[in-house]
Amino acid sequence: MLVREVRPEEKDSYNQAVAHPLQSWEWGEFRAKTGIDVVRLGEFNGSKIVNGFTITFHPVPKFPFTIGYLPKSVLPSEEVLAALKDLGKAKNAIFIKLEPNVYQIAETDNKEKLAEAKTYLKEHSCVFGKPMFTKYSFMANLRLSEQELLANMKQKTRYNVGLAQRKGVEISEDNSESAFEDYLKLTFEETTKRQRFYAHNEKYHRQMWSVLKPAGIAHLLKATHQGNTLVTWILFTFNQILYYPYGASSSADREVMASNLMMWEAIRYGKQAGCQIFDMWGSLGPDPDPKDPWMGFHKFKQGYGPTLMEFMGTFDYVIDQPKYQVYQIADKARWKLLKLKAALPL
């Protein structure tokens with residue numbers, strides 16, 4: 001296998017070789033727009049791209065070093081790992097964070113697939129790293145009929161979907177700029193403040209939308225009730241898989257259960273788009289803490305009867321061992337300081 005950088009004219013072939021939107025050519029274009037250094041490697045069998053890898057390099061503040069990030073790719077072969085090491089050295093990277101899109105059913109006794117993949121990476125200078133993505137996600141089988149999908153739902157979820165329909169909630173795809181402005185308004189004026197979670201800034205979302213919408217990857221669904229927009233979701237469709245990466249909702253009219261109908265219509269949307277799987281983009285594990293702040297969101301997704309999938313996790317592919325050890329010490333000290341600041345009274 002030959003591993004080299006992918007040329008712009010190979011864009012379409014590259015997209016056919018990758019499975020996840022975060023590895024798509026367009027995602028790399030979007031990240032480049034944000035000022036991030038983007039490199040695309042291809043693993044070639046002759047002239048054909050077999051696997052693609054989009055790596056981003058992020059500067060370490062106040063130091064002439066970088067950290068690489070390779071999310072949601074296939075498990076890199078030995079040839080790709082060798083190319084990543086050379087690339088990391090050229091980019092003055094301390095390490096490259098790997099989060100392979102390798103997973104299996106979480107609630108199973110057979111863990112051989114993940115165990116072998118983990119052992120393979122550990123044998124090639126990789127160590128467990130701090131995660132960027134959750135280790136688990138719910139996935140729904142969109143090959144099932146609508147009747148089968150409805151039957152798989154929990155009774156309360158199915159009731160809430162019907163309630164929203166009876167209350168007159170309407171779901172539609174609306175990729176207009178006005179609908180996107182509604183999405184931003186709900187994201188930054190309501191959802192992030194109400195639920196107290198971190199979100200990328202407005203510029204990030206605008207740049208993402210400006211690249212992924214024209215490419216046919218990003219789609220906006222909205223739920224309206226009596227003329228008011230209550231819920232907006234951005235969905236990704238890529239190579240027959242549907243994803244739910246971003247969502248925002250209003251605190252108004254919560255009793256009409258607009259989010260419940262939104263999820264059901266997202267499922268139907270994916271089926272109509274020819275998607276085979278719906279990756280709901282993260283969840284808690286098989287035995288979640290009831291006090292976890294994400295428990296409500298976990299139970300919401302769980303109500304639709306998806307399968308809990310476990311990913312192999314996060315690994316740091318160490319390029320410079322001495323610098324990596326120093327970085328780890330500094331990073332731990334930084335997080336302790338941030339926690340201390342958060343605990344201090346205003």
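You'll find the structure just up there.
Keep in mind that this is a model prediction, so the values were computed, not measured.

Draft legend 1. Just the pairing of strand β2 (residues 37–45), in detail. Within β2, 7 of the 9 residues are buried, which leaves it mostly tucked inside the rest of the structure. Here 4 bridges tie strand β1 (residues 2–5) to β2, and the two strands are oriented antiparallel to one another. Within the sheet, the bridge partner assigned to V3 lies in β2 and is E43. Taken together, the 9 bridges between β2 and strand β3 (residues 48–59) define a ladder with antiparallel strand orientation. For V39, the partnering residue across the bridge sits in β3 and is I55. In this antiparallel pair of consecutive strands, β2 and β3, the connection spans 2 residues, and G46 shows a positive phi of 70°.

Draft legend 2. Looking closely at the side chain of H219. With respect to the helices, strands and loops of the structure, H219 is situated in strand β10 (residues 218–225). A distance of 3.0 Å separates a polar atom in the side chain of H219 from a polar atom in the side chain of Y269. Among residues more than four places away in sequence, those in contact with H219 are E173, N175, W209, W233, I234, L235, T237 and Y269.

Draft legend 3. Fine view of the environment of S13. As for its placement among the helices and strands, S13 is situated in helix α1 (residues 11–17). In this structure, the C-alpha to C-alpha distance between S13 and V50, residues 37 residues apart in sequence, is 9.1 Å.

Draft legend 4. Here's a closer look at unusual backbone geometry. Phi is positive for Q226, which is not a glycine, with a value near 50°. Mapped onto the fold, Q226 is located in the loop between β10 and β11 (228–238). The exposed category is assigned to Q226, whose relative accessible area is 70%. The phi dihedral of Q240 is positive, around 70°, even though this residue is not glycine. Along the chain, the position of Q240 falls in the loop between β11 and β12 (241–249).

Draft legend 5. The arrangement of the sheet that holds β3 in detail. Here 7 strands make up an open sheet; going across it, the order is β1-β2-β3-β4-β5-β15-β7 and the pairing mixed. At either end of the open sheet lies a strand with only one pairing partner, and these are β1 and β7 (126–128). Direction aside, the axes of adjacent strands within the sheet are offset by 30° on average. Pairing of β7 with strand β15 (residues 315–318), which is carried by 3 bridges, proceeds in the antiparallel orientation. Looking at the pairing, C126 lines up with Y317 of β15. Strands in contact with helix α2 (residues 25–33) are β2 and β3; relative to β2, the strand with the most contacts, it is inclined by about 160°. With respect to the sheet, helix α4 (residues 112–122) is in contact with β5 (93–99), β7 and β15, its orientation differing from that of β7 by roughly 125°.

What counts, and where the lines are drawn
Residues numbered from 1 in each chain as written. Predicted model: local features only at pLDDT ≥ 70, side-chain atom pairs only at ≥ 80, totals over all residues. Heavy atoms only, no water. Buried < 20%, exposed > 50% of the residue type's maximum accessible area, 1.4 Å probe, protein only. Helix = DSSP H or I, 4+ residues; strand = E, 2+ residues; numbered from the N terminus. Pairing = 2+ DSSP bridges. Polar contact = N/O pair within 3.5 Å; in protein donor to acceptor, adjacent residues only side chain to side chain. Contact = heavy atoms within 4.5 Å. Axes fitted to C-alpha atoms, helices over the stretch in contact; angles between N-to-C directions.

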